[in-house]
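Residues per chain, in single letters:
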Amino acid sequence: MERKVLVEVSARHAHLSPADLETLFGKGHQLTVKKMLSQPGQFACEEKVTVVGPKKEMAGISILGPVRKDTQIELSLTDARAIGITAPIRESGDIKGSASCTIIGPVGQIVVSEGLIIAKRHVHLTPATAEAWGLKDKQVVTVKVGTPERGLIFDDVVIRVRADFADAMHIDTDEGNAAALSGVVYGFIL
Ligand SMILES: [Zn+2]
């Protein structure tokens, strides 16, 4: 059976805790939806922050809503290197002992002792799709991405299964550029 999944590129972004959102944007501030994302309930916001590392600062980093329990910043390896930070490749939510940085918003700034990660590439699947494709949560697979000029096979792709997911593979901008990905592209789980 063909296990064909939409491939989406996640650009650098931040998730904020309710307390950090207030520190950066002001008391009682609510996130403004700019665009709904493929994962149900997730959205890109109008609000942006600046992330600061020892070498440089990076402005215009989008916030993805809604707020979460813990603040988490996801950069590409190229981004992290540019601002002088060495961060681990992790699954979203697994931030213990990850990199530190400063985040600046329009009304305040915070220093997070951990929370900056390079997102591990992954495939979101609904339980129905996972079952049909014979895949399990946390399974590691190989995915062939069929771009015309820079087709690429990605190893170490984690399957994530949850009822509130939509089927989609997520890679970062370094990975997307490595495959010259643009427009609507599909990956094939091998
Ligand atoms: Zn994802």
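See the structure shown above.
These figures come from a predicted structure and were not determined experimentally.

What to know about the layout of surface pockets
Think of a ball as big as a water molecule: rolled over the atoms, this probe shows where empty space is left.
Then, number 1: Quantified by volume, the largest pocket comes out at close to 1,000 Å³.
Then, number 2: As for the largest pocket, its lining consists of 46 residues, and the residues nearest its centre are Ser-10, His-13, Leu-37, Leu-64 and His-170.
Then, number 3: Elements that contribute at least two residues to the lining of the largest pocket include exactly strand 1 (4–10), strand 2 (13–15), strand 3 (33–36), strand 5 (57–65), strand 6 (72–74), strand 10 (122–125), strand 13 (168–172) and helix 4 (173–178).
Then, number 4: A class-by-class count of the residues in the lining of the largest pocket yields 14 nonpolar, 16 polar and 16 charged.

Observations concerning the sheet that holds strand 12 (residues 152–161)
Then, number 1: On the basis of which strands lie adjacent, the closed barrel formed by six strands has the order 1-13-10-12-11-14 and mixed pairing. Neighbouring strand axes in the sheet, compared pairwise and without regard to direction, differ in orientation by 40° on average.
Then, number 2: In the sheet, strand 10 pairs with strand 12 via four bridges, with the strands oriented parallel. Note that in strand 12 the partner of Leu-125 across the bridge is Val-161.

A word on the coordination of the zinc ion
Then, number 1: Looking at the zinc ion, the protein donor atoms are His-122 (NE2), His-124 (NE2) and His-170 (ND1), and they sit 2.0 to 2.1 Å from it.
Then, number 2: Considered as a linear motif, the donors of the zinc ion on their single chain read H-x1-H-x45-H. Accessibility classification places His-122 together with His-124 in one group, the buried group.

A look at the side chain of Glu-47
Then, number 1: Summarising the element assignment, Glu-47 is placed in strand 4 (residues 43–52).
Then, number 2: It is Lys-48 that comes nearest to the buried, bridge-free Glu-47 among opposite-charge side chains, at 8.5 Å.
Then, number 3: Beyond its immediate chain neighbours, meaning those up to four positions away, Glu-47 contacts Phe-25, His-29, Gln-30, Leu-31, Thr-32, Ile-61, Ser-62 and Ile-63.

Topic: the packing of aromatic side chains
Then, number 1: Under the criterion given, the structure shown has zero aromatic pairs.
Then, number 2: Over the ring of Tyr-186 we find Lys-4, and its NZ or CZ is 4.5 Å from the ring centre.

Describing the pairing of strand 13
Then, number 1: The buried fraction of strand 13 is high, at five of five residues.
Then, number 2: Residues Ala-168, His-170 and Asp-172 point to one face of strand 13 and Met-169 and Ile-171 to the other, with burial holding for every one of them.
Then, number 3: Summarising the sheet, strand 1 and strand 13 pair through four bridges and their orientation is parallel. By the bridge assignment for strand 13, Glu-8 is matched with His-170.
Then, number 4: Relative to strand 13, strand 10 is paired through three bridges, and the arrangement is antiparallel. When the sheet's bridge partners are listed, Val-123 is paired in strand 13 with Met-169.

Quick look at the pairing of strand 11 (residues 140–145)
Then, number 1: Side chains Val-141, Val-143 and Val-145 of strand 11 all project onto a buried face; the interleaved residues Val-140, Thr-142 and Lys-144 project onto a face where none is buried.
Then, number 2: As judged from the five bridges shared by strand 11 and strand 12, these two strands associate in the antiparallel manner. Paired with Lys-144 across the strands is Ile-153, a residue of strand 12.
Then, number 3: Following strand 11, the chain reverses through six residues before pairing antiparallel with strand 12.
Then, number 4: Pairing geometry for strand 11 and strand 14 (residues 185–189), over three bridges, is antiparallel. Bridging across to strand 14, Val-143 finds its partner in Ile-189.

What about helix 1 (residues 18–25)?
Then, number 1: Those residues of helix 1 lying buried are Asp-20, Leu-21, Leu-24 and Phe-25. The arc enclosing the buried residues of helix 1, seen along the axis, measures out at 110°, which places them on a common side.
Then, number 2: Its buried side turned inward, helix 1 meets strand 4, strand 5, strand 8 (99–104) and strand 9 (109–119).

What counts and what doesn't
Residues numbered from 1 in each chain as written. Predicted model: local features only at pLDDT ≥ 70, side-chain atom pairs only at ≥ 80, totals over all residues. Heavy atoms only, no water. 1 Å grid on protein atoms, 1.4 Å probe; cavity = no way out; pocket = protein on both sides within 12 Å on 5 of 7 lines; lining within 4 Å. Points joined across faces, edges and corners; volume = space filled by probe spheres on them. Helix = DSSP H or I, 4+ residues; strand = E, 2+ residues; numbered from the N terminus. Nonpolar A, V, L, I, M, F, W, Y, C, P; charged D, E, K, R; others polar. Pairing = 2+ DSSP bridges. Axes fitted to C-alpha atoms, helices over the stretch in contact; angles between N-to-C directions. Donors = N, O, S within 2.8 Å, 3.2 Å for Na, K, Ca; no water. Buried < 20%, exposed > 50% of the residue type's maximum accessible area, 1.4 Å probe, protein only. Lys, Arg positive; Asp, Glu negative; His and termini not counted. Salt bridge = Lys/Arg side-chain N within 4 Å of Asp/Glu carboxyl O. Contact = heavy atoms within 4.5 Å. Phe/Tyr/Trp six-rings, centres within 6.5 Å; stacked < 30°, edge-to-face > 60°. Lys NZ or Arg CZ within 6 Å of the ring centre and 35° of its normal. Arc of directions from axis to C-beta.

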